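Spelled out from the first residue to the last, the chains are:
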Amino acid sequence: MKIFAYILVAIITSCYFFPFEFTFLSGVNTKLILAAVGLPFLFFNMLQMKGIILSKELTFASLIAVLFSLIGFYSTDYNNTTDYAYATYIISMWVWFSAAYFTCTLISLTHGYISVKLIVNYLAIICVFQCVIALMINFNSTVKFFVDSYFVSGDVKFMDEAERLYGIGALLDVAGGRFSVVLMFIAVLISTDRDIRNNPWTLSFYILSFFLISVIGNMIARTTSLGMLLGIIYILLKSQLISLNIRSSSMRLWKVLLGWALLLLTFTTFLYNSNLDARELMRFAFEGFFNWVETGKWETHSTDVLKDMWIFPDNLKTWIIGDGYFNNPISGGFYMSTDVGYLRFIFYCGLIGLIVFCFYFIYLSFSMASRFPYFRDAFFMLLIIVFAIWAKVSTDMFLVYALFLSISTPYFLEHYYKNDINLE
């Protein structure tokens, strides 16, 4: 029964982290369903805590979100548009928070406690699952037919034409950004937690998850490389490998890490040389690396396209308050034909809106770093990922913060939360 309960929690967590629609329930994705279920738990716990349910972090973040929404609304009103994509951001924020609250409630009820490490464990497991199911969809027509028949993950026709891998709700840069965050979380845990370092089986789970998400995640979206590189750099710095002053616990980490790396490298090399489909997937995943080795230039198709998307406003009004358009009002595509996150925010609500939105994520990272000091490095690197991704797409990473905001509420802190990270 415990195993069944854990699997159910993992499925719910995946429905939260990679939301999708059912084909028989069009227009309602799993995030909205979880949010609707989460509201009664919020009200019930509010009664138990005699009305004290919101943490100071959540309250202040909500105020910033309200300000950002008002700026977006003013931009649409001033420009006489009806594009309310971010004018209703406070609603979007609370939908994510309610869904995250239910997810954390389910985890805590199943395990009897909730912790940062437990959340990372579930995120790692569901990301590995998404990577595996993406390969199964690509190579097994029966699995693909089943998934496409019941789950709406995106534009399947486009994905097939572009020959891109996708999971259940996990596709393109949205998935890549979330894979990046989980890779970074894993890197922080294996670099700082003594209990993980001292248990070769637990350490192997994290390292194997890191490698699988890195390789297959890049096949789904090359944005995954961001978290992979940050994670590797962090492991190198924390293990003091560069200074050659390596602790014994770091030596154990590198033995297991290099052992799995050698094993997986041998296996992937065999696949690359023996299977044409696998070779094409690997060349796509690490296109920049292959181009660098073969031509001496680090470039990909995505970076070439991105170069042409740096289109800046040509008037002061747009720079200050934007044009009130996030999407093209005629074609429905990207406004001004740019998908660069920073530019889309500027065109929508100007530098004023962009600065407030940046401050919103800066506050979230610093407040969570203060609330969970033993995981401080992870929240600072999460902020790096947020700002780095915006150079490519306008992905909203609040859903990651929402999980930690949930467990920082008074109810969870009093009844279920515990710190199970044993720092070196």
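Here we summarise the structure given alongside this text. Since we're looking at a predicted model, the values are computed, not measured.

**Describing the pattern of salt bridges**
No. 1: Tallying each qualifying case throughout the model produces six salt bridges.
No. 2: The residue R371 makes a salt bridge to E57 at a minimum N-O spacing of 3.1 Å. A residue pair is termed long-range when its members are at least 10 positions apart, and R371 in helix α17 (residues 341-371) and E57 in helix α3 (residues 56-78) qualify at 314 residues.
No. 3: For R371, a relative accessible area of 29% gives the class partly exposed.

**Here we look at helix α14 (residues 287-295)**
No. 1: The complete set of buried residues in α14 reads G288, F290 and N291. When α14 is viewed along its axis, its buried side chains cluster within an angular range of 165° and face the same direction.

**Let's talk about unusual backbone geometry**
What is expected of a backbone is that most residues other than glycine have negative phi and most peptide bonds are trans.
No. 1: Phi at M336 takes a positive value of approximately 60°, unusual for a residue other than glycine.
No. 2: Within the chain, S337 stands out as a residue other than glycine whose phi angle is a positive 60°.
No. 3: One can find S337 in the loop between α16 (316-321) and α17.

**Focus on the environment of S365**
No. 1: The residue S365 is located in helix α17 in this model.
No. 2: On the basis of relative accessible area, S365 is assigned to the buried category, the value being 0%.
No. 3: The spatial distance from the C-alpha of S365 to the C-alpha of A378 is 8.9 Å, given a sequence separation of 13 residues.
No. 4: Apart from the residues within four sequence positions on either side, S365 is in contact with F379, L383 and Y401.

**Some details on the packing of aromatic side chains**
No. 1: Enumeration according to the criterion identifies 58 aromatic pairs in this entry.
No. 2: Seen in terms of ring centroids, F146 and F151 are 6.2 Å apart; in terms of plane orientation they differ by 75°. Their pairing is edge-to-face.
No. 3: Looking at F146, the relative accessible area reads 46%, which means it is partly exposed.
No. 4: When the centroid spacing of 5.3 Å and the interplanar angle of 35° are considered together, the rings of Y325 and Y335 count as tilted. One end of the pair, Y325, is in the loop between α16 and α17; the other, Y335, is in the loop between α16 and α17, and 10 residues separate them in sequence.
No. 5: Its relative accessible area of 23% is what places Y325 among the partly exposed residues.
No. 6: Judged by relative accessible area, which is 14%, Y335 ranks as buried.
No. 7: The side chain of R222 reaches across the aromatic face of F284, ending 4.1 Å from its centre.

Reading the values: rules and limits
- Residues numbered from 1 in each chain as written.
- Predicted model: local features only at pLDDT ≥ 70, side-chain atom pairs only at ≥ 80, totals over all residues.
- Heavy atoms only, no water.
- Salt bridge = Lys/Arg side-chain N within 4 Å of Asp/Glu carboxyl O.
- Helix = DSSP H or I, 4+ residues; strand = E, 2+ residues; numbered from the N terminus.
- Buried < 20%, exposed > 50% of the residue type's maximum accessible area, 1.4 Å probe, protein only.
- Arc of directions from axis to C-beta.
- Contact = heavy atoms within 4.5 Å.
- Phe/Tyr/Trp six-rings, centres within 6.5 Å; stacked < 30°, edge-to-face > 60°.
- Lys NZ or Arg CZ within 6 Å of the ring centre and 35° of its normal.

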